[in-house]
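# Summary of structural features
In case you want the letters, here they are:
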Amino acid sequence: VDSGVDAAAIVAYLERNAHPLMAAQTPVLPETVVNQIHLWAKERSRMAADRCKLYDAFDSLRRFDEACTYAREIGAHLWSRRFPEERNLHKCSLAVRAEAHGSMKSFLRAAA
């Protein structure tokens, strides 16, 4: 799948090159095997990796919320995790696109 071969091509290859005892069966491949190959292919194409910067040292929940809002406004927000209690501030994290690091850094410094 990573090399551009799709699940249907993998199943077809396995069916064409099956052991003679397996090839005599109908279907050649068990349904669970075929289903698992398709699920595996879907899972592999479900996620995409982006270069990012992670921010996790905020001095207040208000600053964290402002940073998240700004990241969304400039289209850089990838992921964030917020905890409602101030005592869990150290667990709050914000991931933004790496190319937005300069803008985010300027925003965070200006508002400090």
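Refer to the preceding data block for the structure.
We now turn to the structure provided with this report. Note that the structure is predicted; figures quoted are calculated from it, not measured. (Residues numbered from 1 in each chain as written. Predicted model: local features only at pLDDT ≥ 70, side-chain atom pairs only at ≥ 80, totals over all residues. Heavy atoms only, no water.)

### Re the side chain of Ser93
For clarity, the cut-off: Only runs of H or I of at least four residues qualify as helices and only runs of E of at least two qualify as strands under DSSP, and these elements are numbered from the N terminus. In this analysis, two residues are considered to be in contact whenever any of their non-hydrogen atoms come within 4.5 Å of each other.
On the secondary structure map, Ser93 appears in strand S3 (residues 93-97). Ignoring sequence-local partners within four residues, the contact set of Ser93 consists of Leu54, Tyr55, Asp56, Phe64, Trp79, Ser80 and Arg81.

### Observations concerning the pattern of salt bridges
Let me state the cut-off plainly: Just to be clear on terms, a salt bridge is a Lys or Arg side-chain nitrogen sitting within 4 Å of an Asp or Glu carboxyl oxygen. We call a residue buried when its accessible area falls under 20% of the maximum for its residue type, exposed when it is over 50%, and partly exposed in between, using a 1.4 Å probe and counting protein chains only.
Using the criterion set out here, one finds 4 salt bridges in the structure. Measuring nitrogen to oxygen at the nearest pair gives 2.4 Å for the salt bridge that ties Glu66 to Arg63. Within this pair, Glu66 and its partner Arg63 are both found in helix H4 (residues 61-73), separated by 3 residues, close to a single helical turn. Salt-bridge contacts for Asp65 lead to Arg82; the nearest nitrogen and oxygen are separated by 2.7 Å. Remark: Arg82 occurs in the loop between strand S2 (77-81) and S3 and Asp65 occurs in helix H4; sequence separation between them is 17 residues. A residue is classified by how much of its surface remains accessible, and Asp65, at 29% relative accessible area, is partly exposed. Taking relative accessible area as the criterion, Arg82 reaches 39% and is therefore assigned partly exposed. Taken together, the salt bridges that share partners define one network made up of Arg62, Arg63 and Glu66.

### Section: the nonpolar core
Counted only if it meets this: Think of a nonpolar core as a cluster: buried Ala, Val, Leu, Ile, Met, Phe, Trp, Tyr and Cys residues, connected wherever their side-chain atoms sit within 4.5 Å.
Counting residues in hydrophobic clusters, the biggest one holds 14 residues, and the most contacted among them are Tyr55, Phe58, Phe64, Leu94, Val96 and Met104. Looking at this core, the elements with two or more residues in it are H4 and S3. Sorting elements by how many residues they give to this core places H4 first, with 5 residues. In this structure, Leu94 is in contact with Lys53, Leu54, Tyr55, Phe58, Phe64, Ala67, Cys68, His77, Trp79, Ser80 and Met104, ignoring residues within four places of it in sequence. Core analysis: the second largest hydrophobic core is formed by 6 residues, Ala7, Val11, Leu29 and Ala41 among them.

### Some remarks on a positive patch on the surface
For clarity, the cut-off: Candidate patch residues must exceed 30% relative accessible area and have no salt bridge, after which like charges are joined if within 9 Å and Val, Leu, Ile, Met, Phe, Trp or Tyr side chains if within 5 Å. Residue burial considers only the protein chains on display, and all accessible areas are found by Shrake-Rupley using a 1.4 Å probe. The charged-residue count follows a simple rule in which Lys and Arg add positive charge and Asp and Glu add negative charge, with His and chain termini not counted at all. Charge placement uses NZ in Lys and CZ in Arg. For Asp and Glu, CG and CD serve respectively.
Side chains of Arg51, Lys53, Lys105 and Arg109 sit close together on the surface and give a patch of like positive charge. Relative to the assigned elements, Lys53 resides in strand S1 (residues 52-55).

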